Amino acid sequence: MFSNRRTTRLAAGIVALALAGNGLVTSAASAAATRHEAESAPATCDGAVESNHAGYSGSGFCNGGNAVGAAVQFTATAFAAGAATVAVRYANGGATGRPADLLVNGAVAHTGITFEPTGAWTAWSTKTLTVPVNTGTNTLRLSPSTADGLANIDYLDFEAGGTPPTEGRQVEDLDRGLVSVRSGSGNLVSWRLFGTEPASTGFNVYRGTTKLNASPITNSTNFLDSGASADAGYTVRAVRDGVEQEPSTPSLRFTGGNYLDVPISRPGSNYTAGDASVGDADGDGQYEIFLKWDPSDQKDNSQSGRTSSVYIDAYRLNGQRLWRIDLGRNIRAGAHYTQFQVYDYDGDGRAELAVKTGDGTVSGTGQVIGNAGADHRNSSGYIITGPEYLTVFNGLTGAVMSTVPFDPARGNICDWGDCNGNRGDRFLAGTAYLDGKRPSIIMGRGYYEKSAIAAWDFRDGRLTRRWKFDSGTAGRQWTGRGTHSLSVADVDGNGTDEIIYGGMTINSDGTGRYTTNFYAHGDALHVSDFVPSRPGQEIWQIHEQSSGAAATLRDARTGAVIMQKNNTCNCEGPARGVAGDVYAGNPGAEFWGKGTGLTSAFNSSGGSVGRAPASANFLAWWDADPVRELLDGNHVDKYGPNGDTRLLTGSGAHSINGTKATPSLSGDLFGDWREEVILPRDDNAALRIYATTTQTDRRIHTLLHDPQYRVAIAWQNTAYNQPPHPSFFLGNGMSTPPQPNIHVR
């Protein structure tokens, strides 16, 4: 399947909703209908997209022009020819019906369909019809037959026969992510190549209605429009088998030149913007941003004292705040406490938020979890008694969808390495395809002594535990192996994900796969195909032990050590470490860090390939070549054997997480395969998204359709943040990456 549909599968069995008097009445039911919003491409509206009448789905509705033929058109995919059911949601606040014809693929399927008055423009009803469709792409056009025009059209739900492809992993149905970034005296326009379409797919670029390229672009997914005005608008159209497809959603303009400011609303003067994540909350194919706010009195687990509340917000890219969740007094503020996951866990096309909650947590719709009046903080500010919960929130509304007792549970607090809540209240979180098809939620607790990991599925509106691993019952060889982060990868290539929990790896079924034979705890962990000359993926991990291994490069499948650097100072081991191809003069990735034993940039055999890069923090693909750049604080640098070259300084914006100096989020979030960097603006009134201004001649499927990379975006905010890595080698001399084994819904 080559077409991406910015659509939403209905979460429950309701296809059509109709207002009858003052009551809500349900009609035809199905779980297979696909929603097409009138305001989102490839739908077109001969009029205006508006949002001034409440009750609509998505981000607005089509208010067609008052003229015969002022139509709204949808594009839908059928997997077999035959009859399809369409349900059109509309509002008609006028006194008379508004008739229209429904044309399917240019032929009239129904004439004179009357969209009766609904009583108000905020009262929405549904018209359900049966139409003939072809296999593949179909256009459905509602064309008014009187000068009054159409009723307001919210969306069209489409249900056709046939079986959609379900091979591989279900991923997001993204739009093209088309962006326009100022580059010199022109605009760099870039877009996504979907993982569901051939790498040879051509593209035409339009500024307004003017096509800019002489022949379809097949060597990249960007275009430099030299001499164009900064405020020019663009669309792209895929070309398949010589046929130009529907236009993309219009481009998102980076209004700051190389950055876009997304306004955010600070909870109070003592709060700073912290970790962020992304997810498609409304199913339109464009990301929303999920943001955690940190109070100035947040604490490390080793520090006593009470803290202010932690808040999580969701924002559209225009700065509209969708909701705010107050985690409440029974969730302590600090880097190790709140690890939140944003992903489409139930497969309905819309992202959810999964996070640990407590008594008194207040949802985005005002729901209170547990006992609103409970206060479980002790005199030192720690919370080591009282219930704990895991909650899934609706990504669009912030409403509670499911809450269960949190697992891994606290149990005896002393089992985790101390009795005061330092080591027992350190959490990790991730997202993994444990069955090779659908994503599961991973929640981890503890890593210095006892470690426990629970996997959760969110299906049909309910959280259910898939499995739990507990080092307390698995054996002493599994204790003390965790790090301040985790990673997720299919280490054995069987199609299901394993959890790399520092020095130990847990199978997709929750059984232990292997563990190191030494105390492996450390601050940095990286997993990818760093050494393309050998099969499979590798793990680069930093260790804090005072003797022995300071860092190891290990086979991700077996845990066998490939290369090891030792602690030479009889002191605490290195604090940071990084792996990635930052130097074209060495085949494969380089490995380095900050601290004892890590004096150079090393190759996979442990030999020095040159000076260690100036930073050992984050990475970002930024310029035209596939060699990765250094991201540290608010700047991006190009590594060189004699010194680094500054490519970006994010003036007026800052990093987060103190000395860790990480971004709120970084990754391939928009446009082509290069990565964006999100930093809070210095006044904490906006998130500033930076993008490259450099044209490239490389073409790679969007990294968001590499599931290992996409789940890394989800777990990036966990404890000591780490950069995302794909499942394949991306660097100098790279081979063509394999086509992702995925499908969209």
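Conventions and cut-offs
- Residues numbered from 1 in each chain as written.
- Predicted model: local features only at pLDDT ≥ 70, side-chain atom pairs only at ≥ 80, totals over all residues.
- Heavy atoms only, no water.
- Helix = DSSP H or I, 4+ residues; strand = E, 2+ residues; numbered from the N terminus.
- Rg over C-alpha atoms; globule rule 2.2 N^0.38 Å.
- Buried < 20%, exposed > 50% of the residue type's maximum accessible area, 1.4 Å probe, protein only.
- Areas by Shrake-Rupley, 256 points an atom, 1.4 Å probe, with all protein chains shown as cover.
- Lys, Arg positive; Asp, Glu negative; His and termini not counted.
- Charge placed at Lys NZ, Arg CZ, Asp CG, Glu CD.
- Domains from an automatic or database assignment.
- Contact = heavy atoms within 4.5 Å.
- Buried area = accessible area lost by both parts, 1.4 Å probe.
- Nonpolar A, V, L, I, M, F, W, Y, C, P; charged D, E, K, R; others polar.
- Pairing = 2+ DSSP bridges.
- Axes fitted to C-alpha atoms, helices over the stretch in contact; angles between N-to-C directions.
- Salt bridge = Lys/Arg side-chain N within 4 Å of Asp/Glu carboxyl O.
- 1 Å grid on protein atoms, 1.4 Å probe; cavity = no way out; pocket = protein on both sides within 12 Å on 5 of 7 lines; lining within 4 Å.
- Points joined across faces, edges and corners; volume = space filled by probe spheres on them.
- Core = buried A, V, L, I, M, F, W, Y, C linked by side-chain atoms within 4.5 Å.
- Phe/Tyr/Trp six-rings, centres within 6.5 Å; stacked < 30°, edge-to-face > 60°.
- Lys NZ or Arg CZ within 6 Å of the ring centre and 35° of its normal.
- Disulfide = S-S within 2.5 Å.
- UniProt positions renumbered as here; feature names shortened; annotations may be inferred.

- The name that an unreviewed UniProt entry assigns to the chain is CBM6 domain-containing protein, with the source organism given as Lentzea guizhouensis.

### What about the overall build of the chain?
Step number 1: Looking only at helices and strands, one finds two helices and 56 strands in the chain.
Step number 2: In terms of overall dimensions, the chain is globule-like: its C-alpha atoms have a radius of gyration of 26 Å, near the 27 Å expected for 745 residues.
Step number 3: Each principal axis of the C-alpha distribution contributes one length, and for the chain these read about 85 × 60 × 50 Å.
Step number 4: In the chain, buried positions account for 62% of the 745 residues.
Step number 5: Carbon and sulfur atoms provide 47% of the accessible area of the chain, an area that totals close to 24400 Å².
Step number 6: Taken together, the 62 basic and 74 acidic charged side chains of the chain have centroids lying 3 Å from each other.

### Concerning the domain arrangement of the chain
Step number 1: Structurally, the chain comprises domain 1 (34-160), domain 2 (169-256) and domain 3 (259-613 + 653-715).
Step number 2: With five residues of domain 1 in contact, the opposing surface of domain 2 contributes four residues.
Step number 3: Note on domain 1 versus domain 2: buried area summed over both sides is about 310 Å², and carbon and sulfur give 52% of it.
Step number 4: When the buried area of domain 1 at its contact with domain 2 is split by residue, Ala41, Pro42 and Thr75 rank highest and sum to 71% of it.
Step number 5: Classifying every residue of the side of domain 1 that touches domain 2 gives two nonpolar, three polar and no charged.

### Concerning the sheet that holds strand β54 (residues 676-680)
Step number 1: Reading across the sheet, the four strands line up as β24-β55-β54-β53 and stay open at both edges, with antiparallel pairing between neighbours. If you trace the sheet from one side to the other, it starts and ends with β24 (259-263) and β53 (665-667), each paired once. For this sheet, the mean inter-axis angle between neighbouring strands, taken without regard to orientation, is 20 degrees.
Step number 2: Relative to strand β55 (residues 686-690), β24 is paired through five bridges, and the arrangement is antiparallel. By the bridge assignment, Val262 is partnered in β55 with Leu687.

### Some points on the sheet that holds strand β38 (residues 498-501)
Step number 1: Taking strand neighbours across the sheet as the criterion, the four strands line up as β37-β38-β39-β40 in an open arrangement whose pairing is antiparallel. A single partner strand is all that each edge strand has here, and the edge strands are β37 (487-489) and β40 (512-515). Recorded for the sheet is a direction-independent mean angle of 20 degrees between the axes of neighbouring strands.
Step number 2: Note that β38 and strand β39 (residues 504-506) share three bridges and pair antiparallel. Along β39, the bridge assignment pairs Ile499 with Ile506.

### With respect to the pattern of salt bridges
Step number 1: Applying the stated rule across the entire model yields 45 salt bridges.
Step number 2: With a closest N to O distance of 2.5 Å, Glu197 and Arg176 form a salt bridge. One end of the pair, Glu197, is in the loop between β17 (186-190) and β18 (202-207); the other, Arg176, is in the loop between β15 (169-171) and β16 (179-183), with 21 residues separating them in the sequence.
Step number 3: A salt bridge links Asp225 to Arg207; the nearest nitrogen and oxygen atoms lie 2.8 Å apart.

### What to know about empty space enclosed by the protein
Step number 1: According to the stated counting rule, one finds six cavities of 30 Å³ or more in the structure shown.
Step number 2: Roughly 150 Å³ of internal volume is contained in the largest cavity.
Step number 3: Each residue belonging to the lining of the largest cavity can be placed in one class, and the counts come to four nonpolar, four polar and six charged.
Step number 4: The residues that make up the lining of the largest cavity include at least three from each of domain 2 (169-256) and domain 3 (259-613 + 653-715).
Step number 5: By volume, the second largest cavity is sized at about 110 Å³.
Step number 6: For the lining of the second largest cavity, the per-class residue count stands at five nonpolar, one polar and five charged.

### Some details on the nonpolar core
Step number 1: Counting residues in hydrophobic clusters, the biggest one holds 41 residues, and the most contacted among them are Ile441, Leu463, Trp467, Ile499 and Ile506.
Step number 2: Counting residues per element, this core draws most heavily on strand β35 (residues 452-459), which supplies five residues.
Step number 3: Beyond its immediate sequence surroundings of up to four residues, Trp467 is in contact with Leu434, Ile453, Ala454, Ala455, Ile499, Ile506, Asn507, Ser508, Asp509 and Gly510.
Step number 4: If you look at the next biggest cluster of nonpolar residues, it comprises 37 residues, including Trp293, Leu669, Ile700 and Met734.

### Points about the packing of aromatic side chains
Step number 1: The tally for this structure, following the rule as stated, stands at 16 aromatic pairs.
Step number 2: Note on Tyr271 and Tyr311: the rings are 5.4 Å apart at their centroids and 65 degrees apart in plane angle, and the pair reads as edge-to-face. Highlighted residues: Tyr271 in strand β25 (residues 271-279) and Tyr311 in strand β27 (residues 311-315), separated in sequence by 40 residues.
Step number 3: What links up through ring pairs into an aromatic cluster is the set Tyr56, Phe61 and Trp124.
Step number 4: We note Arg628 situated over the ring of Trp621; from NZ or CZ to the ring centre the distance is 3.7 Å.
Step number 5: The residue whose ring lies beneath Arg688 is Tyr259, and the NZ or CZ to ring-centre distance is 3.9 Å.

### Quick look at helix α2 (residues 707-715)
Each turn of an α-helix holds 3.6 residues, which means side chains three or four residues apart point in the same direction.
Step number 1: Among the nine residues in α2, nine count as buried, and that is most of the element.
Step number 2: Taken as a whole, α2 has its buried residues at Pro707, Gln708, Tyr709, Arg710, Val711, Ala712, Ile713, Ala714 and Trp715.

### Quick look at the state of the cysteines
Step number 1: Scanning all chains against the criterion turns up three disulfides.
Step number 2: Sulfur-sulfur distance for the disulfide between Cys45 and Cys62 comes to 2.1 Å. Looking along the S-S bond of the Cys45-Cys62 disulfide, the torsion reads about 80 degrees, which is the right-handed sense. With Cys45 in strand β5 (residues 44-45) and Cys62 in strand β7 (residues 61-64), this residue pair connects regions lying 17 residues apart in the sequence. Like Cys62, Cys45 is buried.
Step number 3: What pairs with Cys414 in a disulfide is Cys419, and their sulfur atoms sit 2.1 Å apart. Disulfide Cys414 to Cys419: torsion about the S-S bond roughly 130 degrees, handedness right-handed.
Step number 4: The class of Cys419 is partly exposed, set by a relative accessible area of 47%.
Step number 5: Going through the chain in sequence order and numbering each bonded cysteine, the pairs you get are 1-2, 3-4, 5-6.

### Quick look at the pairing of strand β22 (residues 243-247)
Step number 1: The pairing of strand β21 (residues 234-240) with β22 spans three bridges and is antiparallel. For Val239, the partnering residue across the bridge sits in β22 and is Glu244.
Step number 2: In this structure, the hairpin formed by β21 and β22 is closed by a connection of two residues, where Asp241 is found at a positive phi of approximately 55 degrees.

### Here we look at the UniProt feature "domain: CBM6" (unreviewed entry) in the chain
Step number 1: The feature "domain: CBM6" (unreviewed entry), as annotated in UniProt, sits at residues 34-159 in this numbering.
Step number 2: For residues 34-159, the helix share is 0%, the strand share is 58%, and the end-to-end C-alpha distance is 6 Å.

### Things to note about the pairing of strand β13 (residues 136-144)
Step number 1: As paired elements, strand β8 (residues 72-78) and β13 share seven bridges and run antiparallel to each other. For Thr77, the partnering residue across the bridge sits in β13 and is Thr137.

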